[in-house]
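This is what each chain is made of:
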Amino acid sequence: MVLEKEQLNDLDVNQNLALAEKQNKFIESKLWKVINFGIDMGIRAALPDLIEDEIIGIKDNFIEGGLKNGVEECINDAINLGKSVKGIATGDFENIEQVQSVIRNGGVLEGVSEALDYAVEKASSSNLINDNVTYLLKRGKDIIIDNVSRNIENEFLSQIDDIEKIQKYSNNWKEYYNQKNFFGMEKEYKKIKDRLKNLIPLENTLKNVRVIENLHTLIKNNNQDFNLSNEAIELANKLI
């Protein structure tokens, strides 16, 4: 029993990390990658005659000119403002719909547009890109922003798919748990953990996964013996 409590306490320490901070960092990192890829695609569409090395050179100049910092700042501002407007008192997002609403309505695309304008102007004034490229980028900015917007929406679709898959695997895990089939539990648990790697850490999803993680860890450390004390099972459900 002491061992079970110690295991649960260890899990609790790991789970009590500041969720809001984790979410903000994850969203900022994830969105920058999504937006960055969208800008890459947009630049290629706006400058179809340039070779790959020239595209990379332009993008590197934009990064050095503050594009990444500007985009990350607008993402962070959108998150903080969105939470305030939505009245998210706890500071953390509970579900993907909240994140989606904040990013859609928080001025992220406008911020990306402004950061791109600044990067183009700076590169042009520093003679890092010629007048023709500058003209084509300005003319094709809507194409670039459309690519960014489409990439963001595709990322949310991917997030929703991950959430649905985690729910499916969680249900499968519970069925195997009721059957006391640890092999099946382990298979589904690995699927859950794999999907979690790319998922924004959301409270509603994490609550369900934490219970599974707690019970799974206890049984695994108990030599796959399902004979746990009632107190241990209760604690596993409480420490979420």
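So, here's what we can say about the structure.

Reading guide: rules and limits
Residues numbered from 1 in each chain as written. Predicted model: local features only at pLDDT ≥ 70, side-chain atom pairs only at ≥ 80, totals over all residues. Heavy atoms only, no water. Helix = DSSP H or I, 4+ residues; strand = E, 2+ residues; numbered from the N terminus. Buried < 20%, exposed > 50% of the residue type's maximum accessible area, 1.4 Å probe, protein only. Contact = heavy atoms within 4.5 Å. Areas by Shrake-Rupley, 256 points an atom, 1.4 Å probe, with all protein chains shown as cover. Axes fitted to C-alpha atoms, helices over the stretch in contact; angles between N-to-C directions. Parallel < 35°, antiparallel > 145°, perpendicular 65-115°, else oblique. Left-handed = near helix turned anticlockwise from the far one by under 90°. Salt bridge = Lys/Arg side-chain N within 4 Å of Asp/Glu carboxyl O.

**Comments concerning the overall build of the chain**
Each helix and strand counted, the chain has eleven helices and zero strands in total. N-terminal to C-terminal, the α/β element order of the chain is α-α-α-α-α-α-α-α-α-α-α. The burial tally for the chain puts 45% of its 240 residues in the buried class. The contacts of the chain with a sequence gap of at least 6 include a subset with a gap of at least 24, amounting to 76%. As displayed, the chain has an accessible area near 13,000 Å², and 48% of this comes from carbon and sulfur atoms.

**Description of the packing of helix α9 (residues 182–196) against helix α10 (residues 203–221)**
Contact geometry of α9 with α10 gives a least axis separation of 11 Å together with a crossing angle of 140°. The pairing of α9 with α10 is recorded here as oblique in orientation. As for how α9 packs across α10, the hand of that crossing is left-handed. Here Phe182, Met185, Glu186, Tyr189, Ile192, Lys193 and Leu196 of α9 come into contact with α10, specifically with Leu206, Val209, Ile212, Glu213, His216, Ile219 and Lys220.

**With respect to the side chain of aspartate 162**
Of note, aspartate 162 is situated in helix α8 (residues 141–178). Given the relative accessible area of 7%, aspartate 162 is considered buried. With residues up to four places along the chain from it excluded, the contact list for aspartate 162 reads Arg195, Asn198 and Leu199.

**With respect to the pattern of salt bridges**
The final tally for this structure, using the stated rule, is 13 salt bridges. For glutamate 153, the salt bridge is made with arginine 104, and the minimal N-O distance between the two is 2.8 Å. Pair noted here: glutamate 153 is in helix α8 and arginine 104 is in helix α5 (residues 96–105), with a separation of 49 residues, a long-range link. Between glutamate 213 and lysine 193 there is a salt bridge, and its shortest N-O distance comes to 3.4 Å. Within this pair, whereas glutamate 213 is found in helix α10, its partner lysine 193 is found in helix α9, the two being separated by 20 residues in sequence.

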